[in-house]
Amino acid sequence: MSNTKDFIIEQLKQQIEGFKPSIEERTIGRVIEVGDGIAKIEGISDVMMSEMLEFTSSGNSEKKIYGIALNLEEDKVGAIILGDFCKIKQGDEVKCLNKILQVPVGNGIIGRVVNPLGEPLDGKGEIDIEKYYPMEKIAPGVIARESVKQPLQTGIKAIDAIIPIGRGQRELIIGDRQIGKSAIAIDAIINQKGQNVKCIYVAIGQKESKVAGIVAKLEQAGAMEYTAVVLAGASDPASLLYVAPYAGCAMAEYFLDKGEDVLIVYDDLSKHAVAYREISLLLKRPPGREAYPGDVFYLHSKLLERACKLSAEYGGGSITALPIIETQAGDMSAYIPTNVISITDGQIYLMPELFYQGVRPSVDAGLSVSRVGSSAQTKAMKKVAGKMKLEAAQFRELAAFAQFGSELDKDTLAKLERGKRLQEIFKQDQYSPVSTVNQVLIFFALVNGLLDTVPVDKISEFETGLYKYANNLGADILKELEEKNDFDEELGKKMRKMIEDYKDGLEYLIKE
Amino acid sequence: MKITAKQYAQYLYQIVSDKENDQIKDVIEKFAIALKNNNDLVKANQIIKQFIEIWNFEKKIVEAEIISAKELDINIKKVLIDYIKELSKANEIIIKEKIDQNLLGGVIIKYGDKVLNGSLRNNLTEMRSRMIK
């Protein structure tokens, strides 16, 4: 025992002797004005733009309050306060930390719910921090990039078929409130199980109850094993909402640098723009259109540019971004929606009319586009989904026309019938992603006219039955399809045969 | 356009900097009249404050504050003043002294918006935080 005691004392002595007090020159300032999450500081003459500041509040010295310098004026500095600004008083000391705002990153954040500063919110204890990454970072340049070529399967039939998303793409999800925007993103996250994709869900200004529900759902689906949630709730100050997407992106960049694929969801960027507007107006920056500041475009473009597909020499990782924008009464031509539409590589437009007709997810095939994703589609999917987008758009137009009840020719009728079945296939329950092979199978059945004898109201029953049947009796066909990601004539014949065999056992088919 | 207190102070510095003492009285009188005519006499206090700042900056005079746990003796003070001169590259140092027993030992030097914390208390807190790590 005495040995251990001596050892401890020896160690302690060594530690204390080895401790060299360091006296460093620090620049300090004083708070001259504080309120609404904003502080005006005098002094700190050599502060950098977006440098981290530390407020030393005299009352409470345990928990540090950080800030970011955003306005460097002639004789004062405007800063946003990340945290409880009520604890800061006039005259408090402010220290410059000589570093741009950083967040802790590492494998430790996976499976956790953190705030934008990387502090845990889920009560599961401290987070293993590997390193710190700056929140603001210039996006990878042309040399480091590569075009999108690998698919990112969302498991949602309507999206994977006609608006495919590739790894490294930025695809906007846009629509009114309560129409299933987040649901699409959550389904996409759930479908990444076993795909070697890390997911980061950034909740910006969301109700905490909604986020709690999402986390519970992700946990239930086993998706929290590869997902991290960055939460800046509706009750958090605007400054935290403003930094949240950048923090999430920095966490994603850690995995990108390791050569991994990441899916990041920003839910939602309209609230982010509103938070930035609040900060800008409080900092007395001049307002522009819809009272947003002049640099609101840059706010989103610098964030979304960080989504990328790196070439093999640079690790080959990717960040796929799914920003979400909420429109007001379907107004896509408002300021923020048009900005983000022009920044992203396409958008998924959710239509309220479709939603209330019961077509869920209510993806509008006409207004939704994916500018780069089609090059990332698998060959098998390309073969079946090639003409489907056109067909879906044509159907919508014909359906409107057919409402007049005039007599239609045979060709148009056939198109309408096909379209109805297509729309029926695109209907899908929440939290039930469909695997790629199953998607190929059902689309194959549709484009080859095998569904024409199935009544429209029986389509979903037919579909689930087909998946089960194929899983049991056509496992070798599915396996071949999955391995090749393509089908030739021979495999196509086998698939047709299997579907016909399955149909033979059904009773509800339309007799010709 | 409104003239700010800082601008007034700058003008004042420019007109007095190359004048002799007997001329200055004249200049200042004119300056005061100009202030009155512009209805800016209320800014006088601010102008004086700004003027001192500009003067100190141009003449390289630094106001420094030394906080220590107990009264410093003259030799140490001289060493400290030389040290601050070297750090701030100033010609002249105006010293303000303050005693704060909470420091336990050592000194804190403040000048401009810079702080050098060499107090025993600070070292002890730093040591504590490192040991916790």
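Bear in mind the structure is a predicted one, so any value in this text is a computation, not a measurement.

Calculation criteria
Residues numbered from 1 in each chain as written. Chains lettered and ligands numbered in written order. Predicted model: local features only at pLDDT ≥ 70, side-chain atom pairs only at ≥ 80, totals over all residues. Helix = DSSP H or I, 4+ residues; strand = E, 2+ residues; numbered from the N terminus. Buried ≥ 20, exposed ≤ 12 C-beta atoms within 10 Å, placed from the backbone. Contact = placed C-beta atoms within 7 Å. Axes fitted to C-alpha atoms, helices over the stretch in contact; angles between N-to-C directions. Parallel < 35°, antiparallel > 145°, perpendicular 65-115°, else oblique. Left-handed = near helix turned anticlockwise from the far one by under 90°. Nonpolar A, V, L, I, M, F, W, Y, C, P; charged D, E, K, R; others polar. Domains from an automatic or database assignment. Pairing = 2+ DSSP bridges. Core = buried A, V, L, I, M, F, W, Y, C linked by C-beta atoms within 7 Å. Expected span 1.5 Å × (residues − 1).

(A) Summary view of the overall build of chain B. Helices and strands together make up the secondary structure of chain B, namely 5 helices and 4 strands. Reported as C-alpha extents along the three principal axes, the dimensions of chain B are approximately 65 × 35 × 25 Å. Scored against the burial criterion, the 133 residues of chain B give a buried share of 13%. Look at the contacts in chain B between residues 6 or more apart in sequence, and 64% of them connect residues 24 or more apart.

(B) Fine view of the packing of helix α13 (residues 436-447) of chain A against helix α14 (residues 459-473) of chain A. All names here are of chain A. It is the contact of α13 with α14, at a shortest axis distance of 11 Å, that shows an interaxial angle of 120°. One element, α13, and the other, α14, form an angle in the oblique class. In the crossing of α13 with α14, the sense of the turn from one axis to the other is right-handed. Listed contacts from α14 to N438, L441 and I442 of α13 are E463, L466, Y467 and A470. Its residues assigned to classes, the contact of α13 with α14 shows 5 nonpolar, 1 polar and 1 charged.

(C) Highlighting the environment of D268(A). Inspection of the secondary structure puts D268(A) in the loop between β13 (261-267) and α6 (269-282). Non-local contacts of D268(A), meaning those with residues more than four positions away in its chain, are made with I204(A), I324(A), I325(A) and E326(A).

(D) Examining the domain arrangement of chain A more closely. Residue and element names in this part refer to chain A. The domain architecture assigned to chain A consists of domain 1 (28-99), domain 2 (104-377) and domain 3 (383-504). The distance between the C-alpha centroids of domain 1 and domain 2 comes to 30 Å. Each partner contributes residues to the interface: domain 1 has 11 residues there, and domain 2 has 10 residues. Breaking the side of domain 1 that touches domain 2 down by element, the ones donating at least two residues are β4 (65-72) and β5 (77-82). At 4 residues, the largest contribution of residues to the side of domain 1 that touches domain 2 is made by β5. Considered class by class, the residues forming the side of domain 1 that touches domain 2 number 6 nonpolar, 4 polar and 1 charged.

(E) Up close: unusual backbone geometry. Cis geometry marks the peptide bond from D267(A) to D268(A), where omega comes out at -5°. Here the amide bond leading from R360(A) into P361(A) is cis, since omega sits at 0°, within 30 degrees of zero. Tracing the chain through its elements places P361(A) in the loop between α9 (352-357) and β16 (369-370). The phi dihedral of Q178(A) is positive, around 60°, even though this residue is not glycine. Examined against the element boundaries, Q178(A) turns out to sit in the loop between β10 (172-175) and α3 (181-190). The class of Q178(A) is exposed, set by 10 C-beta atoms lying within 10 Å. Phi at K60(B) is positive, roughly 55°, even though this residue is not glycine.

(F) Main features of the interface of chain A and chain B. Each partner contributes residues to the interface: chain A has 11 residues there, and chain B has 9 residues. Tallying contributions element by element places strand β1 (residues 25-35) of chain A first for the side of chain A that touches chain B, with 5 residues. A per-class count over the side of chain A that touches chain B returns 5 nonpolar, 4 polar and 2 charged. Relative to strand β4 (residues 114-119) of chain B, β1(A) runs antiparallel, the two sharing 3 bridges. Residue E25(A) lies in a different strand from β4(B), and its bridge partner there is L116(B).

(G) Highlighting the nonpolar core. Formed by 142 residues in total, the largest nonpolar core has its most connected members in I189(A), I200(A), V202(A), V230(A), M251(A), L263(A) and I264(A). A per-element tally of this core places helix α5 (residues 238-257) of chain A first, with 15 residues. Every residue in contact with M251(A), bar those within four places of it in the chain, is listed here: V103(A), V105(A), I109(A), I200(A), A228(A) and V230(A). Membership of the second largest hydrophobic core comes to 9 residues, among which are I66(B), V107(B), I108(B) and I109(B).

(H) Here's a closer look at the domain arrangement of chain B. Its domain assignment divides chain B into domain 1 (5-58) and domain 2 (61-132). Each of domain 1 of chain B and domain 2 of chain B has a C-alpha centre, and these two points are 33 Å apart.

(I) Layout of α6(A). Residues and elements named next belong to chain A. Given a rise of 1.5 Å per residue, 14 residues ought to cover 20 Å, and the 20 Å separating the end C-alpha atoms of α6 matches this to within 8%. Of all 14 residues that make up α6, 11 are buried, and the element is covered over most of its length. Residues of α6 that are buried include every one of L269, S270, K271, H272, A273, A275, Y276, R277, E278, I279 and S280, and no others.

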